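One-letter residues, chain by chain:
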Amino acid sequence: MKKRFFVETLVGILPPERDSIPCNFLLRLLRTANMVGIEPTYRAELEKRISWQLDQASVKELMIPSFSHTSGTLLDVELVIRLVKRFASLDEGVRSVVALGKVAKLVDCYLAEAALDTNLSLDEFIALGGALPSHARAMDDGLYRAIDTYLKAHPGVSKQDRKVLCRLIDSRKLSPEASPHAAQNERLPVRAVIQVLFSEQTKLNLHVDWSGSFSGTRSPNPGLVPQARCLSKREVNAQQMEIKKLKEDLLRVQSQCIVMQMQMEKILDKKKGFFRWRKLGIMPSFKSSVYSWYIAVGMAARNEKGCVLTDIGQAVIAKELEVAEALVVKAGDILAKGQCSQKIVIESDSRNVINAVNGVKSSVS
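Residues numbered from 1 in each chain as written. Predicted model: local features only at pLDDT ≥ 70, side-chain atom pairs only at ≥ 80, totals over all residues. Heavy atoms only, no water.

## Some remarks on the overall build of the protein chain
Secondary structure assignment for the protein chain yields 17 helices and zero strands. Considering the protein chain as a whole, with its 365 residues, one finds that 36% of them fall into the buried category. Considering only residue pairs separated by 6 or more positions, the protein chain has 71% of its internal contacts joining residues 24 or more positions apart. (Helix = DSSP H or I, 4+ residues; strand = E, 2+ residues; numbered from the N terminus. Buried < 20%, exposed > 50% of the residue type's maximum accessible area, 1.4 Å probe, protein only. Contact = heavy atoms within 4.5 Å.)

Spelled out as structure tokens, the structure:
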């Protein structure tokens, strides 16, 4: 009795100005008021003050347990429905667009937590989810998450009730991350899945149309030219990364082949003698040495600007040995000065590069 009198007195002496008391403090006071059972007039006054600044509330403070014996839910969902409806009924001058968006996120988070309660009825969920106008949510991902959580916790919901529940979601407001999940969600009715797929197809068509409008010059007779699908920025980046990876793998394989060839030539040279191989014409040529150096430098600086890798390759192919020699020396200077940021890794042994350089210099001399 004393606690109830104290809470009622505290509510009665609250300053009348808005935002004079933090919203979280008012919510804690409302929790205590419901616990001690204050008069309905004081409770209504406290709820009205909270609804004025509901956008400042947190989900933790809003999760007030139900102290009524008639309610089967753990949380006082009816209280939150009253608060949200009071906030939605405020004048637009008092209720800003930013505040409306914050309350929408607050409601979605609260619904996701309350949906785990198996005693939460479908009518209460729909009443709270639809308490705000449709333009309050910029994205419906949070509301979709809450509905999916509710369907997981209530597997016995009928197909008709699932349809009614999914009407809260605007499939056009689902993000690219939530749309694929919704399209493959077996808990959603078929109609809702079709709407999600149709919305994604519409977005894709609009994206293609906008991309085509900025693609440059058009044909004077567009009816005779087949319209190709314009690749998105993500697809272009993925293709470029794949091409880059394939080039790096090709360089790595080529370098390993050159190193293995040089090692085989050294082993055979030790076994059968240098002059025998020279007589048979199988001595390592200047071209193979230069090419091995080209691959070595390519592995070291394939991402660097200013290296003369392409010029070396063209000179080797054209058999312009003097030009290739000068380019090899230039590439060696670049590598010696540390202008290439990546380390040379060929068979995890950098001495192969030094051997390649010595082989080139000995061949030139």
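## Notes on the packing of aromatic side chains
Considering all chains together, one arrives at one aromatic pair under this definition. Ring geometry for Phe125 versus Tyr150: centroids 4.9 Å apart, planes at 40°, classification tilted. Of the two residues, Phe125 is situated in helix H7 (residues 122–129) and Tyr150 in helix H8 (residues 141–153); the sequence distance between them amounts to 25 residues. One exposure class covers both Phe125 and Tyr150, and it is buried. Above the plane of the ring of Trp52 lies Arg18, whose end atom (NZ or CZ) is 4.3 Å from the centre. (Phe/Tyr/Trp six-rings, centres within 6.5 Å; stacked < 30°, edge-to-face > 60°. Lys NZ or Arg CZ within 6 Å of the ring centre and 35° of its normal.)

## Things to note about the nonpolar core
In terms of nonpolar packing, the biggest core is built from 61 residues, with Leu46, Ile50, Leu54, Phe125, Leu128 and Leu132 touching the most fellow members. Apart from residues no more than four positions distant in its own chain, Leu54 is found in contact with Cys23, Leu62, Leu83, Val84, Phe87, Val103 and Leu106. (Core = buried A, V, L, I, M, F, W, Y, C linked by side-chain atoms within 4.5 Å.)

## Digging into the side chain of Asp140
Summarising the element assignment, Asp140 is placed in the loop between H7 and H8. Buried Asp140, no salt bridge; nearest opposite-charge side chain is Arg137, N-O distance 4.7 Å. Among all residues touching Asp140, those that are not within four sequence positions of it are Leu168, Ile169, Asp170, Lys173 and Leu174. (Lys, Arg positive; Asp, Glu negative; His and termini not counted. Salt bridge = Lys/Arg side-chain N within 4 Å of Asp/Glu carboxyl O.)

## Description of a positive patch on the surface
A cluster of basic residues, Lys159, Lys163, Arg167 and Arg191, forms a positive patch at the surface. Inspection of the secondary structure puts Lys159 in helix H9 (residues 159–166). Of the residues examined, Lys159 reaches a relative accessible area of 69% and is grouped as exposed. (Patch = residues over 30% accessible without salt bridge, like charges linked within 9 Å, V, L, I, M, F, W, Y side chains within 5 Å. Areas by Shrake-Rupley, 256 points an atom, 1.4 Å probe, with all protein chains shown as cover. Charge placed at Lys NZ, Arg CZ, Asp CG, Glu CD.)

## So, H9
Within the span of H9, buried status applies to Arg162, Leu165 and Cys166. Considered in projection along H9, the buried side chains sweep an arc of 90° and stay on one side of the axis. (Arc of directions from axis to C-beta.)

## Thoughts on the pattern of salt bridges
Under the counting rule described, the total for this entry stands at seven salt bridges. As a salt-bridge pair, Asp108 and Arg137 come within 3.0 Å of each other at their nearest N and O atoms. Residue Asp108 is located in helix H6 (residues 97–114), and its partner Arg137 is located in the loop between H7 and H8; the two are separated by 29 residues in the primary sequence. In this structure, Asp108 and Arg137 share a single accessibility class: buried. Among the ionic pairs, Asp148 bridges to Arg187, the shortest N-O distance being 2.9 Å. Note that Asp148 is positioned in helix H8 and Arg187 in the loop between helix H10 (178–183) and helix H11 (190–213), a separation of 39 residues in sequence. A residue is classified by how much of its surface remains accessible, and Asp148, at 7% relative accessible area, is buried. A residue is classified by how much of its surface remains accessible, and Arg187, at 28% relative accessible area, is partly exposed. One salt-bridge network, in which partners are shared between bridges, spans Asp148, Lys152 and Arg187.

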